[in-house]
Amino acid sequence: MLCYNLFMKITSRFTIAVHTLLAINAFSKDHKTTSDFIASSVNVNPVVIRRTLSSLKAAGIVDVKAGSGGATIIKKLKDITLYDVYKAVECVDGGIFHFHENPNPKCPVGKNIHKVLDKHLDGAQSALENELKKTTLLKLSQNLDV
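This section reports on the structure supplied with the text. (Residues numbered from 1 in each chain as written. Predicted model: local features only at pLDDT ≥ 70, side-chain atom pairs only at ≥ 80, totals over all residues. Heavy atoms only, no water.)

1. Considerations on the overall build of the protein
Part 1: Within the protein one finds six helices and two strands.
Part 2: Order of helices (α) and strands (β) in the protein, N terminus to C terminus: α-α-α-β-β-α-α-α.
Part 3: A compact globule built from 146 residues should have a C-alpha radius of gyration of about 15 Å, whereas the protein, at 19 Å, is more than 25% larger.
Part 4: Counting only C-alpha atoms, the protein reaches 65 × 30 × 30 Å along its principal axes.
Part 5: Of all 146 residues assigned to the protein, the portion counted as buried reaches 33%.
Part 6: Sequence separation of 24 or more characterises 64% of the internal contacts of the protein that already satisfy a separation of 6 or more.
Part 7: Counting only carbon and sulfur atoms, one obtains 54% of the accessible surface of the protein, whose full area is about 9500 Å².
Part 8: Of the charged side chains in the protein, 19 are positive and 13 negative, and the gap between their average positions amounts to 2 Å. (Helix = DSSP H or I, 4+ residues; strand = E, 2+ residues; numbered from the N terminus. Rg over C-alpha atoms; globule rule 2.2 N^0.38 Å. Buried < 20%, exposed > 50% of the residue type's maximum accessible area, 1.4 Å probe, protein only. Contact = heavy atoms within 4.5 Å. Areas by Shrake-Rupley, 256 points an atom, 1.4 Å probe, with all protein chains shown as cover. Lys, Arg positive; Asp, Glu negative; His and termini not counted. Charge placed at Lys NZ, Arg CZ, Asp CG, Glu CD.)

Here is the structure:
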């Protein structure tokens, strides 16, 4: 059986970014939320956190002080959705689905595959994005046992 993997996984950058923001929110009152500190919570290399913070800073979600100043969230948690984080860290290149490049135009399936599948994939992409827009970081932070 031939099987093509049309679904591209969202990278871990998304969940790492959400974890990073929730850690900053939870710990910034008592600790400097440096990349080393956050990395210990996420259990990744601090370089990964620095890249994540850079993306979040470019999106206007956090501010990062040079050196060991740490990171702070500059938007209200109620105004940051999972969709905002998803877009900020560019989890996927384009949409979540990657269509195979060259369906055979001489094949009755190949020449029609876009016509029959594209609208469904676009709908799935929209459904994911709409669902992410419904959840704020405030809602997530209220469910943490910190």
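From this point, the narrative continues.
2. Topic: helix α2 (residues 35-42)
Part 1: All buried positions along α2 are accounted for by Ser 35, Ile 38, Ala 39 and Val 42. Buried residues in α2, looked at end-on, bunch into an arc of 105°, giving them a common side.
Part 2: Buried positions along α2 lie against α1 (13-27) and α3 (46-58).
Part 3: Just downstream of α2 lies Asn 43, where phi reads positive at about 65°. (Arc of directions from axis to C-beta.)

3. Describing the nonpolar core
Part 1: Formed by 28 residues in total, the largest nonpolar core has its most connected members in Leu 21, Leu 56, Val 62, Val 85 and Leu 137.
Part 2: A per-element tally of this core places α1 first, with seven residues.
Part 3: Apart from the residues lying within four places of it in its own chain, the contact partners of Val 85 are Phe 14, Ala 17, Val 18, Leu 21, Ile 80 and Leu 137. (Core = buried A, V, L, I, M, F, W, Y, C linked by side-chain atoms within 4.5 Å.)

4. Side note on the environment of Val 89
Part 1: In this fold, Val 89 is placed in the loop between α4 (82-88) and α5 (113-133).
Part 2: Taking the relative accessible area as the measure of exposure, Val 89 reaches 6% and is therefore buried.
Part 3: Each C-alpha atom of the pair Val 89 and Ser 54 lies 9.0 Å from the other, and the pair is 35 residues apart in sequence.
Part 4: Once you skip the residues sitting within four places of it in the chain, Val 89 turns out to touch Arg 13, Phe 14, Ala 17, Thr 52, Ser 55 and Leu 56.

5. Thoughts on the packing of aromatic side chains
Part 1: This structure, assessed with the given rule, holds three aromatic pairs.
Part 2: Ring centres of Phe 27 and Phe 37 lie 5.5 Å apart, and the angle between their planes is 80°; on these two criteria the pair is classed as edge-to-face. Placement of Phe 27 in helix α1 and of Phe 37 in helix α2 is noted, with a sequence separation of 10 residues between them.
Part 3: By relative accessible area, Phe 27 is classed as partly exposed at 29%.
Part 4: Taking the relative accessible area as the measure of exposure, Phe 37 reaches 24% and is therefore partly exposed. (Phe/Tyr/Trp six-rings, centres within 6.5 Å; stacked < 30°, edge-to-face > 60°.)

6. Considering the side chain of Glu 129
Part 1: By the secondary structure assignment, Glu 129 is in helix α5.
Part 2: It is Lys 87 that comes nearest to the buried, bridge-free Glu 129 among opposite-charge side chains, at 5.1 Å.
Part 3: Here the side chain of Glu 129 touches Gln 125 through a polar contact of 2.6 Å, side chain to side chain.
Part 4: Ignoring any residue separated from it by four or fewer positions in sequence, one finds Glu 129 in contact with Tyr 83 and Tyr 86. (Salt bridge = Lys/Arg side-chain N within 4 Å of Asp/Glu carboxyl O. Polar contact = N/O pair within 3.5 Å; in protein donor to acceptor, adjacent residues only side chain to side chain.)

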